[in-house]
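# Summary of the model geometry
Spelled out from the first residue to the last, the chains are:
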Amino acid sequence: MLFNSLSFVAFLIIVLALYYSKFLNWTAKKRMLLLSSYVFYGMWNPPLIILLWISTVVDWTAGKKLAVIEDKRKRKLWLLLSMIVNLGFLAFFKYGNFLLENFTSIVTSLGWDFKARPLDIILPMGISFYTFQTMSYTIDMYQRKGERARTFLDFALYVTFFPQLVAGPIVRAKDLITQFYEPKKATINQFIWGLFLLTIGVFQKVVLADALLSSTSDAVFDAGKILHGLDAWVGTLAFSGQIFFDFAGYSTCAIGIALMLGIVLPDNFRYPYASIGFSDLWRRWHISLSSWLRDYLYIPLGGNRHGITRMYVALMLTMLLGGLWHGAAWTFVIWGALHGIYLVGERLLKNVIKLKINAWNGIFLALLTYMLVNITWVFFRAKEFAIANDMIASMFFMNSEGEKILGVAEIGKVLIVISGLFLCHWIMRNTSMKEVSIKTPSWVLGVLWAILFFLICLAQGSGEQFIYFQF
């Protein structure tokens with residue numbers, strides 16, 4: 001079930017009606033939310049709910065044991081059980097074919113005649129998100145950084161809470177489970193703001209990502225031919241805008257829907273295309289994932305506590321695995337490697353160059369960061385290395401015979417949208433929508449809301465799936 005579908009509108013109305021019903025107590029409402037979350041997820045493929053159940057039961061049991069057991073060996077065994085189950089599911093369903101293909105390539109290169117049939121595996125929606133979320137619970141319990149969930153119902157709802165189940169934000173237990181302990185009810189202002197955020201999120205997805213940018217991105221990356229440098233850049237810029245509006249749109253919808261229920265979810269994006277450098281970028285882009293990788297991978301690998309060399313190795317490994325988290329393909333690994341190289345290079349430069357950031361050099365560095373990010377998006381979007389290599393060559397004007405496939409109007413449309421996106425991020429980089437809305441007259445917000453709703457209806461979205469559902 002997609003946020004940008006009429007079926008979800010009907011689903012949400014029913015959930016809200018039951019949630020605010022006076023006939024249900026808080027426990028009954030939580031059970032209703034849990035059942036609704038299973039229905040929401042099961043609309044894609046009902047049997048895959050079994051994976052959610054197994055993960056929920058295993059991690060609830062592991063967390064319960066870790067909360068009381070003192071024996072170090074037994075604690076490690078319970079943590080290991082959680083890791084094996086969660087990472088085992090992730091490895092099989094997401095990386096099974098990838099591992100099989102690479103094994104076949106290695107065996108073939110050794111001269112053995114080996115052919116394997118591809119595994120007929122259905123990738124469960126959002127498995128990377130809910131796996132990382134539930135793993136953070138057991139790891140925190142093992143490290144004694146949190147308290148175990150009071151009831152199985154609270155924990156099960158934490159794992160499956162439908163607004164953020166499929167594509168995040170990846171929420172820590174201490175930030176979400178504790179909200180289920182006492183009855184929650186949105187204030188009128190919270191409900192209205194949540195509905196406004198839902199409208200903005202759907203607008204980002206339906207109008208900006210799908211209607212204005214996706215066709216250009218698809219045309220360029222699926223062209224199957226060598227392209228002119230301008231077309232390659234425009235197509236890549238279109239994808240950079242598409243993936244932001246698509247993913248940030250989902251996160252905004254999730255935060256808005258949760259707020260309508262009186263539940264607060266953390267921000268996942270803070271105007272990332274105005275980042276000054278890549279450390280700043282990862283504090284603004286997919287914040288819940290970057291903080292998860294920092295806390296559960298980068299720091300355990302040593303972080304910055306064991307010298308410069310160890311820090312750079314930890315940084316590179318974290319970004320490589322972060323790239324692999326996004327998809328089972330070497331192009332995603334290259335995407336992660338480039339971000340790792342950018343981060344290492346940035347830290348090396350900061351040791352040599354002491355620069356005071358002001359408005360003028362700040363916007364230049366933000367533009368430079370954004371241009372370098374676009375290089376990485378090529379590998380993220382391209383289905384094969386050959387396509388990525390041809391795109392990069394064209395973007396650096398190394399393909400003199402590249403073909404032009406985009407019209408002037410389409411190029412102009414993309415450049416206008418992306419220029420507006422960058423300027424908006426730069427203006428908003430040190431504030432938030434909430435702060436701006438407080439300073440804005442109510443009638444202006446009302447007019448803006450009506451315009452957004454009108455444009456959503458005008459775009460008549462085809463119900464395209466969110467990009468990050470595949471991760």
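Just so we're clear, the structure is a prediction, and the values are computed from it rather than from any experiment. (Residues numbered from 1 in each chain as written. Predicted model: local features only at pLDDT ≥ 70, side-chain atom pairs only at ≥ 80, totals over all residues. Heavy atoms only, no water.)

### Overview of the overall build of the chain
Where we set the bar: A helix here means a DSSP run of H or I that spans at least four residues, while a strand means a run of E at least two residues long, and both kinds are numbered starting from the N terminus. Values of the radius of gyration come from C-alpha atoms, whereas the globule rule sets the reference at 2.2 Å times the count of residues to the power 0.38. When accessible area is computed with a 1.4 Å probe and restricted to protein chains, residues below 20% of their type maximum are described as buried, those above 50% as exposed, and intermediate ones as partly exposed. Residue contacts follow a heavy-atom distance rule, with two residues in contact if any of their heavy atoms lie within 4.5 Å.
From N to C terminus, the chain includes 18 helices and zero strands. Taken over C-alpha atoms, the radius of gyration comes to 23 Å for the chain, in line with the 23 Å a tight globule of 471 residues would show. Dimensions along the principal axes, computed over C-alpha positions, put the chain at roughly 70 × 65 × 50 Å. Buried residues in the chain amount to 53% of all 471 residues. Contacts in the chain between residues at least 24 apart in sequence constitute 77% of all its contacts with a sequence separation of at least 6.

### Notes on the environment of Phe247
Along the chain, Phe247 falls in helix 9 (residues 229-260). Separated by 38 residues in the primary sequence, Phe247 and Trp285 place their C-alpha atoms 10.0 Å from one another.

### Digging into the pattern of salt bridges
Note the following rule: In what follows, salt bridge is the name for a side-chain nitrogen of Lys or Arg lying within 4 Å of a carboxyl oxygen of Asp or Glu.
Under the defined criterion, the tally for this structure stands at 14 salt bridges. Taking the shortest distance from any N to any O, the salt bridge between Arg172 and Asp295 comes out at 3.0 Å. Of the two residues, Arg172 is situated in the loop between helix 6 (152-160) and helix 7 (173-176) and Asp295 in helix 11 (residues 287-298); the sequence distance between them amounts to 123 residues. A salt bridge links Arg381 to Asp218; the nearest nitrogen and oxygen atoms lie 2.9 Å apart.

### A look at the environment of Thr61
Along the chain, the position of Thr61 falls in helix 3 (residues 49-68). Judged by relative accessible area, Thr61 falls into the partly exposed class, the value being 28%. Linking Thr61 and Trp78, residues 17 residues apart in sequence, is a C-alpha distance of 8.7 Å.

### Topic: unusual backbone geometry
Notably, Tyr271 is not glycine yet its phi reads approximately 50 degrees, a positive angle. One non-glycine residue with positive phi stands out, namely Phe397, at about 55 degrees. Inspection of the secondary structure assignment puts Phe397 in the loop between helix 15 (385-395) and helix 16 (408-428). Residue classification places Phe397 among the exposed positions, given a relative accessible area of 56%.

### Thoughts on the packing of aromatic side chains
Filter applied, for reference: Stacked, edge-to-face and tilted are the three classes for Phe, Tyr and Trp ring pairs, Trp counted by its six-membered ring, which pair at centre distances within 6.5 Å; planes under 30 degrees apart are stacked, over 60 edge-to-face, the rest tilted.
The final tally for this structure, using the stated rule, is 44 aromatic pairs. With 6.2 Å between their ring centres and 40 degrees between their planes, Trp60 and Phe155 make a pair best called tilted. With Trp60 in helix 3 and Phe155 in helix 6, this pair connects stretches of sequence that are 95 residues apart. Both residues of the pair, Trp60 and Phe155, belong to the buried class.

### What about a nonpolar patch on the surface?
As a reminder of what qualifies: Patches here are clusters of residues that have more than 30% relative accessible area and form no salt bridge, with a 9 Å joining cutoff for like charges and a 5 Å cutoff for nonpolar side chains (Val, Leu, Ile, Met, Phe, Trp, Tyr). Using the Shrake-Rupley algorithm and a 1.4 Å probe, accessible areas are obtained, with residue cover drawn only from the displayed protein chains.
Among the surface-exposed residues, Leu349, Val352, Ile353, Leu355 and Ile357 lie close enough to one another that they form a single nonpolar patch of about 500 Å² accessible area. For Leu349, the position within the fold is in helix 13 (residues 330-352).

### What about helix 5 (residues 127-142)?
Put simply, the rule is: Here a helix's expected span is defined as the number of its residues, less one, multiplied by 1.5 Å.
Counted at 1.5 Å a residue, the expected span for helix 5 with its 16 residues is 22 Å, and the 22 Å between its end C-alpha atoms agrees. The element helix 5 is largely enclosed, with a buried count of 15 among its 16 residues. Phi turns positive, to about 55 degrees, at Arg144, one or two residues after helix 5.

### Focus: the side chain of Arg381
Looking at the element boundaries, Arg381 is found in helix 14 (residues 359-381). For Arg381, a relative accessible area of 14% corresponds to the buried category. Those residues in contact with Arg381 that sit more than four places away from it in its chain are Ser217, Asp218, Phe221, Asp222 and Phe239.

### Considering helix 15
Because the α-helix completes a turn every 3.6 residues, residues three or four places apart line up on one side. Buried residues of helix 15: Ala388, Met391, Ile392, Ala393, Ser394 and Met395, and no others. Close packing links the buried residues of helix 15 with helix 8 (188-221), helix 9 and helix 14. Two residues or fewer past helix 15, Phe397 is found with a positive phi of approximately 55 degrees.

### Brief notes about the packing of helix 8 against helix 16
In a packed pair of helices, the relevant descriptors are the angle between the two axes and the axis-to-axis distance. Heads up, the condition is: Axis lines are fitted through C-alpha atoms, for helices just across the contact stretch, and the angle between N-to-C directions can take any value from 0 to 180 degrees. For classification purposes, angles smaller than 35 degrees are called roughly parallel, those larger than 145 roughly antiparallel, those between 65 and 115 roughly perpendicular, and all remaining angles oblique. Throughout, a crossing is termed right-handed when the near helix is turned clockwise from the far one, and left-handed when it is turned anticlockwise from it by less than a right angle.
Packing of helix 8 against helix 16 leaves a shortest axis separation of 10 Å and a crossing angle of 120 degrees. Taken together, the axis directions place helix 8 and helix 16 in an arrangement best described as oblique. Taken as a pair, helix 8 and helix 16 cross one another with a handedness that is left-handed. Here helix 8 contributes Leu212, Leu213, Ser215 and Thr216 to the contact with helix 16, which in turn contributes Glu410, Lys413, Val414, Val417 and Ile418.

### Here we look at the environment of Met395
With respect to the helices and strands, the residue Met395 is situated in helix 15. For the pair Met395 and Arg172, spaced 223 residues apart in sequence, the C-alpha separation works out to 40 Å. Once you skip the residues sitting within four places of it in the chain, Met395 turns out to touch Gly229, Ala232, Trp233, Thr236, Asn374, Ile375 and Val378.

### Considering the packing of helix 9 against helix 16
Put simply, helix 9 and helix 16 touch, their axes get as near as 10 Å, and they point 50 degrees apart. As far as their axial angle goes, helix 16 and helix 9 are oblique. For helix 9 against helix 16, the interelement crossing comes out left-handed. Along the contact surface, helix 9 presents Leu230, Asp231, Val234, Leu237, Ala238, Ser240, Gly241, Phe244 and Phe245, while helix 16 presents Ile411, Val414, Leu415, Val417, Ile418, Leu421 and His425.

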